[in-house]
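Reading the structure
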Amino acid sequence: MKKLIIAAFFLAGFIPAVAQDAPKLYTLPSPFERYTHYLATLRFAGAMPLGSFADSYIDKASFQNASISIEWVLRNSPISIGGEIGSTYFQKRLPRALYQNGNETISAVQTRTLSQYPVELFGNYHFLGKTSSIQPYIQVSGGVSILDNVLYYGSLSSQHQKVAPKYGVGLGSKFLFKQDGSVGVDVRVKYNGTAYKHDYIEKGVSSLNGSIGIFYRWW
Amino acid sequence: MLKKASLFLLIAGLGLISCSKDPISDLSTEESLVYVTNHDQAANFTQYKTFSIVDSVLVVENNRQQTALTDLDRDVLNRIITKMQGLGYKYVSPKSNPDVGINVTWVTNTYLNVVSQPLSSYYGGYWGGGYGYGYGYPSYYSYYETAESYWLVSMLDFKNPNTANKTFNVIWDAQIRGAGIGERQYVDTMVDSIFGQSGYLKIN
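Presented here is a report on the structure given in the accompanying data block. None of these values were measured; they are calculated from a predicted model. (Residues numbered from 1 in each chain as written. Chains lettered and ligands numbered in written order. Predicted model: local features only at pLDDT ≥ 70, side-chain atom pairs only at ≥ 80, totals over all residues.)

The next subject is the overall build of chain B. Within chain B one finds 4 helices and 8 strands. Traced from its N-terminal end to its C-terminal end, chain B shows the element sequence α-α-β-β-β-β-α-β-β-β-β-α. Sequence separation of at least 24 residues holds for 75% of the intrachain contacts in chain B that already meet a minimum separation of 6. (Helix = DSSP H or I, 4+ residues; strand = E, 2+ residues; numbered from the N terminus. Contact = placed C-beta atoms within 7 Å.)

Rendered as structure tokens:
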């Protein structure tokens with residue numbers, strides 16, 4: 001009986017929603033086309049270290065990455081601009097090995113970590129219109145990354161922190177759940193480069209980042 | 001609306017940043033140990049035949065010294081004797097003019113750290129209105145102490161003393177750091193490791 005009541009409640013919510021899909025009386029363009037509107041995205045990402053960063057420091061993929069962005073989708077233009085802040089974290093554990101530090105020989109289990117908190121501005125160019133339920137885009141971004149590089153020898157750590165310039169190039173697409181709706185999924189692949197050199201990291205930090213996110217737009 | 005969104009972004013951002021991880025929480029005690037060895041590059045270890053060792057451990061705590069001989073200390077000293085004999089050195093009494101002498105020290109350094117309380121008013125900014133925290137009381141400083149201990153094993157050259165200033169050169173030393181250095185079950189691992197990574201000590 002209880003189950004039936006619950007089912008009835010669900011239906012009660014569902015049936016009016018179906019009823020609202022009746023033919024439209026007015027054919028005004030979508031407000032998302034008429035106004036410059038806002039769009040916020042929350043992303044979770046997997047990241048793969050690339051290049052010399054992967055060769056000399058950490059080559060292990062990471063899934064502890066997230067970001068939040070907010071953008072202004074400009075009226076009468078395929079462009080949107082915004083800001084994004086995030087957190088990425090790479091870690092690699094090496095079994096006990098000997099390291100040479102000057103004349104010293106160090107035997108330790110190394111744990112290499114690199115946290116980054118990128119703060120950047122970006123511009124997106126959209127290939128299809130704002131009412132399209134699939135909206136592929138390309139992205140260019142630039143900003144700074146707050147780096148926290150901690151290298152552990154056993155339980156001893158050496159830390160180096162720096163704010164370094166970073167840039168990114170991405171390719172992605174938004175998928176709206178409902179045509180002209182305000183919620184959808186965002187998928188993006190992005191290359192990130194950070195100009196940072198310290199110790200093992202000799203030629204900057206680069207990674208390829210694949211994210212899936214959820215966005216909300218409003219005006 | 002925009003203001004609210006920015007606010008949300010800021011709070012979420014601070015949330016992301018404040019999630020700190022402890023990447024070494026999964027290290028075993030054995031894995032946490034770090035062995036650092038160094039030696040005089042000019043020393044030729046084959047010239048040394050005999051050694052002696054201190055009869056107790058020197059405990060250095062913030063520049064105060066005393067000696068101790070606990071069960072742990074005895075284990076460490078005995079294991080060093082065994083390893084030195086294995087490398088070809090003959091264990092002799094300190095009175096029989098050993099070629100090298102081994103000192104074992106337990107060093108503890110204590111550091112005093114300062115933190116300002118409350119934290120900067122900067123962090124209070126997102127309560128809105130453009131105001132930070134207004135404190136009705138003066139800020140103060142609080143202190144916390146951290147201590148770090150390690151074993152220091154050094155080998156002194158008794159054969160070639162500096163006659164001018166009456167000192168003995170340290171020709172080899174080893175530091176053992178990390179969790180577990182005060183536990184008897186790790187003594188063999190620790191001592192074996194510092195000798196194991198110093199192959200040049202072998203004379204037989």
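Now that the structure has been shown, the text picks up again.
Broken down by element type, chain A carries 3 helices and 8 strands. Going from the N terminus to the C terminus, chain A shows its helices and strands as α-α-β-α-β-β-β-β-β-β-β. A buried classification covers 32% of the 219 residues belonging to chain A. (Buried ≥ 20, exposed ≤ 12 C-beta atoms within 10 Å, placed from the backbone.)

A separate point is the interface of chain A and chain B. It is common to give the size of an interface as the accessible area lost on bringing the parts into contact. Each partner contributes residues to the interface: chain A has 26 residues there, and chain B has 26 residues. Where the side of chain A that touches chain B is concerned, the elements lending two or more residues are β1 (37-50), β2 (62-73), β3 (79-101), β4 (104-126) and β5 (134-153) of chain A. The element best represented in the side of chain A that touches chain B is β4(A), accounting for 9 residues. For the side of chain A that touches chain B, the per-class residue count stands at 16 nonpolar, 9 polar and 1 charged. (Nonpolar A, V, L, I, M, F, W, Y, C, P; charged D, E, K, R; others polar.)

With 3 bridges joining them, β4(A) and strand β1 (residues 34-39) of chain B adopt antiparallel strand pairing. Its bridge partner lying in β1(B), S107(A) is registered against Y35(B). Inspection of the sheet shows β1(B) paired to strand β8 (residues 167-177) of chain B by 6 bridges, in the antiparallel sense. Of the residues in β8(B), the one forming a bridge with Y35(B) is I176(B). (Pairing = 2+ DSSP bridges.)

Membership of the largest hydrophobic core comes to 38 residues, with the highest contact counts inside it found for I80(B), I176(B), M190(B) and I194(B). Here the element with the most residues in this core is helix α4 (residues 187-196) of chain B; it accounts for 5 residues. With near-sequence residues (within four places) excluded, I80(B) lies in contact with I53(B), I102(B), V104(B), V153(B) and V191(B). The next biggest cluster of nonpolar side chains, apart from the first, holds 9 residues, and it includes F53(A), I58(A), F90(A) and I201(A). (Core = buried A, V, L, I, M, F, W, Y, C linked by C-beta atoms within 7 Å.)

All names here are of chain A. On strand β8 (residues 205-218), burial follows the alternation: V205, S207, N209, S211, G213, F215 and R217 on one face are buried, whereas S206, L208, G210, I212, I214, Y216 and W218 on the facing-out side are not. Bridge count between β1 and β8: 13 bridges; the pairing is antiparallel. Within β8, the position partnered with T41 by the bridge is F215. Both strand β7 (residues 183-194) and β8 contribute to a ladder of 12 bridges, which runs antiparallel. Bridging across to β8, V189 finds its partner in G210.

All names here are of chain B. Here helix α3 (residues 71-86) contains 16 residues, and its C-alpha end-to-end distance of 23 Å stays within 8% of the 22 Å for a straight helix at 1.5 Å per residue. All of the buried residues in α3 are D73, V76, L77, I80 and M84. All buried residues of α3 project into a common sector of 95 degrees when viewed along the axis, lining one side. Set apart from the buried face of α3 by more than 90 degrees, the exposed residues are D71 and G86. The first or second residue beyond α3 is G88, which carries a positive phi of 110 degrees. (Expected span 1.5 Å × (residues − 1). Arc of directions from axis to C-beta.)

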